[in-house]
Amino acid sequence: MNIKEAADRLGITPRAIRFYEKKGLLSPAKQESNRYRSFSDQDIWRLQTIVSLREAGMSLSDIKLALEKWEVDGMGELQYYLELQRSILMSEWLQLRQILDMTDRMIGLLKDERGLPIEHIFGLAAASKRLREQRGNWQDRWNFNRLAPTHDERVAAGSGNYADYAEALEKIVRLVVPAKGERGLDIGTGTGNLAGKFLERGCVMSGVDQSREMLRLCQTKHPGMETRLGNFLALPYLREQFDFVVSSFAFHHLSGDQQRLALEEMDRVLKPSGRVAIADLMVPAADDEAHAGFPSASSLVRWFLEHGYTAELRRLNERLHILYARKEE
DNA sequence: CTTCTCACA
DNA sequence: TGTGAGTA
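Values in this document were obtained by computation on a predicted structure and should not be read as measured data. (Residues numbered from 1 in each chain as written. Chains lettered and ligands numbered in written order. Predicted model: local features only at pLDDT ≥ 70, side-chain atom pairs only at ≥ 80, totals over all residues. Heavy atoms only, no water.)

Engineer: Is there a simple way to explain the nonpolar core in this structure?
Structural biologist: Soluble globular proteins: nonpolar side chains tend toward being buried together. Leu185, Phe232, Phe251 and Met266 are the most contacted members of the largest nonpolar core, which totals 29 residues. When sequence neighbours within four positions are dropped, the list of residues in contact with leucine 185 reads Met205, Ser206, Gly207, Val208, Leu235, Tyr237, Phe242, Phe244, Val245, Val246 and Val269. Counting 25 residues, the second-largest nonpolar core is a separate cluster that includes Leu169, Leu175, Leu194 and Tyr324. (Core = buried A, V, L, I, M, F, W, Y, C linked by side-chain atoms within 4.5 Å. Buried < 20%, exposed > 50% of the residue type's maximum accessible area, 1.4 Å probe, protein only. Contact = heavy atoms within 4.5 Å.)

And the structure:
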């Protein structure tokens, strides 16, 4: 297949394909006589993956790394591609929801005030742009794929950020009080250590992580568990499916803006009267300069209270806190 | 129709 | 992260 046909079928320009080649993302065979590129089914498949990853907001250099890893692992291509595709569609869907939301608010403003104050328009536009940027930024920034093979050793050591890890997981289970058959979601599930405790108690668990490597290990440890590629900011579930949402040692990777988005996402997938438990490194108050960068326990609690939850906070050590909240209907 | 390079945003 | 023009 020549370059034009390939480009047409993938909905991109021949120029872009040559550009990807120059960047080292693919190397199609070239005909001896005229140096024309000729694209095999494998090449097309690879290109399709590149295009999809681009649409999901991944940079070309990240895509290059991902493809290299993928080749070494030799995993099921179709499954990987489809999971990727699902997470892309999910984040597009969330963006549409966001735009719809903003439109509704503008309609409301028009009704109430017979006109749109200019600062409101700018404010809304800026907010929605920020949201798009945050959501688009879902790459494996912390290289958990690389860390995956040794993850369990590190948490078992219980040192540094993972101090009191085992206690935190136990405490989450005691707070949530899972009933047999309940549906639970573990965000940033990693290798499924927390989700495993709920599986033992007869819950039906789903795990979301942005690292495919982590999820592969998780599948090995817990074959009965459903795992999906995704992250806090675009949970790959439609709505109101879960009796409880839990997360451990993951929330602190989010910035302040992202934390609020993440809480909205948890709220979105939680059934009425659902519970949330988050164990993570937090600082007591937002203005704690000494530990800037960690989530502030008090502002998280405030968010839940403002959104119709009851909330309580437990402290395990200097930084490690557990936040438990229940949706009140 | 394709190749490659240089310039440009 | 690509695009356009010009060339052979």
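Engineer: How should the protein's contact with DNA strand C be read in this particular structure?
Structural biologist: Within the structure, DNA strand C sits among Thr13, Arg15, Ala16, Phe19, Tyr20, Arg54, Ser59 and Leu60. Near the protein, within 4 Å, the atoms of DNA strand C are sugar or phosphate in 46% of cases. For DNA strand C, a phosphate oxygen lies 2.9 Å from a polar atom in the side chain of threonine 13. Within the contact set of DNA strand C, a phosphate oxygen lies 3.0 Å away from a backbone nitrogen or oxygen of leucine 60. With 4 residues, the single largest contributor to the surface near DNA strand C is helix 2 (residues 14-22). Across the surface near DNA strand C, the residue classes tally to 4 nonpolar, 2 polar and 2 charged. (Near = heavy atom within 4 Å. Polar contact = N/O pair within 3.5 Å; in protein donor to acceptor, adjacent residues only side chain to side chain. Helix = DSSP H or I, 4+ residues; strand = E, 2+ residues; numbered from the N terminus. Nonpolar A, V, L, I, M, F, W, Y, C, P; charged D, E, K, R; others polar.)

Engineer: Could you clarify how one ought to interpret the packing of helix 1 (residues 3-10) against helix 2 in this entry?
Structural biologist: How two helices pack is summed up by the angle between their axes together with the distance between the axes. Two numbers describe how helix 1 lies on helix 2: the axes approach to 8 Å, and their chain directions differ by 100°. Taken together, helix 1 and helix 2 sit at an angle that is classed as roughly perpendicular. Taking contact as the criterion, the partners of Ile3, Lys4, Ala6 and Ala7 in helix 1 are, on helix 2, Pro14, Ile17 and Arg18. When its residues are assigned to classes, the contact of helix 1 with helix 2 shows 5 nonpolar, no polar and 2 charged. (Axes fitted to C-alpha atoms, helices over the stretch in contact; angles between N-to-C directions. Parallel < 35°, antiparallel > 145°, perpendicular 65-115°, else oblique.)

Distances and angles like these do not, on their own, reveal function.
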